[in-house]
Structure formats: C-alpha cells, structure tokens
Amino acid sequence: MMEPGDTESTPQSESPHREEVDMVTEESTRLEDISFINDQTIEKLTHGLIAHYLPDLQDSKQALQELTQNQVILLDTLEQEITKFKDCNSLLDLNALFTEAKIYHTKLVNIRKEMMIIHDKTTKLKKRALKLQQQRQKEALEKEQQREKELERERQLIAKPAKRT
C-alpha cells in the first residue's frame, strides 16, 4: 500500500481510477481508527462538548423563557388596552345617547310650552266666544224688548173707539 507522502509515477489513464480507490481506502481507515477509541475518551469528549455548549444553551433557554414571559405580559396589557378602547367606545355611545336624550328632552319641553300657549289661547277664545254669545243674546233680547215696546206703543197709538156712555 502506498503512504500519503509517497509519489509514484502512474500513467495518465490510471490516475482518476486510482484516486477513487485511495479515497475509499482512507475513509475505511478513519472508520477503523474511530472504532478503536475507548469509551472513556468518548465520554470525555462528550462531556467537553456538552460543557462547551451547555452554558450558551441554558442562557438561550432562559432568554426564551424571559421573552415568553414578556410576551404573556404584553398580551395581557394589550387585552387590557383593548378593553379600555371598548369601554371608551361604549362611553362615546353613552355620551351620544345622553346628547340625543337632551335633544329630545328639549323638544318635549318646547312642545309642552307650545301646548300651554295653545291651551291659554283656546281658553281666551272660549271666554271671548262666551262673551260674544252673551252679548248677542243680550242684543237679541234688547231688540225683542224694543220690538215689543214698539208694538205696544203702536197698539196704544191705534185709535180706540170711545166708549159711549
């Protein structure tokens, strides 16, 4: 077998095939070397690898836990803010409702005033109508009395034959 430092002159046509064989041989040699490593060495290498990466992984784990906690806090805060906005919207709706109630109350007060004015006017009109009716009746009575007086006077003016005695 040929050692890695040795050089041998090979014809150009054998060169690619020869390189492939050398690569396969090297890989099998490496696998054989790995199988001869004892368990204690593997254990030490494993512990070294874990010791090297474990602190960073633990730090990353803690950072992820903190991020998760912060995310939960942010979600709770966001939910509270959403609730506040909903309350504000309901307050705006309530304010609009109270404003509308004020408008309708004002309209009702105005209608009530108008009704009182109309009631006063109708009462005055009724009194006036009653007075006018009484005045017409009085005038009609006076006219009737005047007519009766005239009739009576005419009767008295009509010549009566004198009684012969």
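Worth saying up front: this structure is predicted, and the values here are computed from it rather than measured. (Residues numbered from 1 in each chain as written. Predicted model: local features only at pLDDT ≥ 70, side-chain atom pairs only at ≥ 80, totals over all residues. Heavy atoms only, no water.)

Glancing now at the overall build of the protein chain. If you tally the helices and strands in the protein chain, you get 2 helices and 0 strands. The buried share among the 165 residues of the protein chain stands at 0%. Accessible surface for the protein chain amounts to roughly 16,900 Å². Of this, 58% is attributable to carbon and sulfur atoms. (Helix = DSSP H or I, 4+ residues; strand = E, 2+ residues; numbered from the N terminus. Buried < 20%, exposed > 50% of the residue type's maximum accessible area, 1.4 Å probe, protein only. Areas by Shrake-Rupley, 256 points an atom, 1.4 Å probe, with all protein chains shown as cover.)

This paragraph deals with a positive patch on the surface. Together, Lys121, Lys124, Lys127 and Lys131 make up a region of like positive charge exposed at the surface. Note that Lys121 resides in helix 2 (residues 39-157). (Patch = residues over 30% accessible without salt bridge, like charges linked within 9 Å, V, L, I, M, F, W, Y side chains within 5 Å. Salt bridge = Lys/Arg side-chain N within 4 Å of Asp/Glu carboxyl O. Lys, Arg positive; Asp, Glu negative; His and termini not counted. Charge placed at Lys NZ, Arg CZ, Asp CG, Glu CD.)

Looking at the protein chain, pLDDT values average 84 and 78% of them are 70 or higher. Low pLDDT, under 50, characterises residues 1-13; the predicted model gives this stretch 4 contacts beyond four residues in sequence or across chains. (pLDDT = per-residue confidence, 0-100. Contact = heavy atoms within 4.5 Å.)

There is a patch of nonpolar side chains on the surface, built from Leu49, Ile50, Tyr53, Leu54 and Leu57 and spanning about 500 Å² of accessible area. By the secondary structure assignment, Leu49 is in helix 2.

Look at helix 2: 169 Å from first C-alpha to last across 119 residues, which is about the 177 Å you get at 1.5 Å a residue. Tyr53 marks the point of greatest bend in helix 2, at about 35°, and the proline Pro55 comes within the next four residues. (Expected span 1.5 Å × (residues − 1). Bend = angle between axes of the 7 residues up to and from the residue.)

Time to look at the pattern of salt bridges. Taken as a whole, this structure holds 2 salt bridges when the rule is applied. Glu81 is the salt-bridge partner of Lys84, the closest N and O atoms lying 3.5 Å from each other. Of this pair, Lys84 and Glu81 both sit in helix 2, 3 residues apart, roughly one helical turn. Under the relative-accessibility criterion, Glu81 is labelled partly exposed at 34%. Notably, a salt bridge pairs Arg155 with Glu152, separated by 3.2 Å at the nearest N-O pair. Of this pair, Arg155 and Glu152 both sit in helix 2, 3 residues apart, roughly one helical turn. Residue Glu152 is classed as partly exposed on the basis of its relative accessible area, which comes to 37%.

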